[in-house]
Amino acid sequence: TEVCRRVAEKLGLQWLQPAFLLELAVKTPEERRTPLMSRCVEQLQRGLTVSMGDALRLTLEMMSSARCKTSGYILDFPSVTCPDEDAHKEVADFIEEVQSLSGQSSVRWQDLLRDSVVLPPRMPEPEPPAKPVIAGDEG
């Protein structure tokens, strides 16, 4: 990871690493976030985990940015060492999707990056507990 970051910096390339891109999404002003970025940030703010698939889709969004298209990028791919079958499938699906994109003459990024997941509305904050009444202090 550190080697990839340094090589990207030295060559003037964009460093794409899913965990870093989640940090970047949090730091991005709300009005400049994409729908996927906004949803991932909201999930993090709610204390939820962002799936490997969403983190990789965030990487695809960055791959479509002007800087990546003109300067190039280094994809610092995460290692999937956890026994989570879903994470392994999401990584395999991502690799397959990227491979299929490289053979196309043009890519409709709007369709590819469409985010159809909707988080349930937040529950209202609970009312704070009432102040206890101390004997002789009712008045």
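Coordinates for the structure precede this section.
Cut-offs used in this document
- Residues numbered from 1 in each chain as written.
- Predicted model: local features only at pLDDT ≥ 70, side-chain atom pairs only at ≥ 80, totals over all residues.
- Heavy atoms only, no water.
- Phe/Tyr/Trp six-rings, centres within 6.5 Å; stacked < 30°, edge-to-face > 60°.
- Salt bridge = Lys/Arg side-chain N within 4 Å of Asp/Glu carboxyl O.
- Helix = DSSP H or I, 4+ residues; strand = E, 2+ residues; numbered from the N terminus.
- Buried < 20%, exposed > 50% of the residue type's maximum accessible area, 1.4 Å probe, protein only.
- Axes fitted to C-alpha atoms, helices over the stretch in contact; angles between N-to-C directions.
- Parallel < 35°, antiparallel > 145°, perpendicular 65-115°, else oblique.
- Contact = heavy atoms within 4.5 Å.
- Nonpolar A, V, L, I, M, F, W, Y, C, P; charged D, E, K, R; others polar.
- Arc of directions from axis to C-beta.
- Core = buried A, V, L, I, M, F, W, Y, C linked by side-chain atoms within 4.5 Å.

**Things to note about the packing of aromatic side chains**
Under the defined criterion, the tally for this structure stands at 1 aromatic pair. A centroid spacing of 4.9 Å and a plane angle of 35° characterise the contact between tryptophan 15 and phenylalanine 20, whose relative ring orientation is tilted.

**Some thoughts on the pattern of salt bridges**
Counted under the stated rule, the structure contains 7 salt bridges. Here arginine 5 makes a salt bridge to glutamate 2, at a shortest N to O gap of 2.4 Å. Of the two residues, arginine 5 and glutamate 2 are both situated in helix H1 (residues 2-11); the distance of 3 residues between them amounts to about one turn of the helix. Judged by its relative accessible area of 29%, arginine 5 is partly exposed. Among the salt bridges present, the one from aspartate 93 reaches lysine 89, with a minimum N-O distance of 2.9 Å. Here the residue aspartate 93 and the residue lysine 89 both occupy positions in helix H6 (residues 85-102), the gap between them amounting to 4 residues, near one helical turn. Judged by relative accessible area, aspartate 93 falls into the partly exposed class, the value being 37%. Each of the salt bridges in this network shares a partner with another, and the network as a whole consists of Glu2, Arg5, Arg6 and Glu9.

**Here's the deal with the packing of helix H2 (residues 18-27) against helix H3 (residues 35-45)**
Remark: H2 packs on H3, axes separated minimally by 9 Å, with the N-to-C direction vectors making an angle of 95°. Classified by the interaxial angle, the pair formed by H2 and H3 is roughly perpendicular. Touching Leu22, Ala25 and Val26 of H2 are Met37, Cys40, Val41 and Leu44, all from H3. Tallied by class, residues from the contact of H2 with H3 come to 7 nonpolar, no polar and no charged.

**Description of H2**
For H2, the full list of buried residues reads Pro18, Leu21, Leu22 and Ala25. Along the axis of H2, the buried residues cluster in a sector spanning 105°; they form a single face. Its buried side turned inward, H2 meets strand S1 (14-16), H3 and helix H4 (52-63).

**Concerning the nonpolar core**
Nonpolar side chains tend to gather and get buried jointly when the protein is soluble and globular. Leu22 and Leu58 are the most contacted members of the largest nonpolar core, which totals 18 residues. Counting only elements with at least two residues in this core, the list comes to H2, H3, H4 and H6. With 5 residues, the single largest contributor to this core is H4. Sequence-distant contacts of leucine 58, defined by excluding residues within four places in its chain, comprise Leu21, Leu22, Ala25, Leu36 and Met37.

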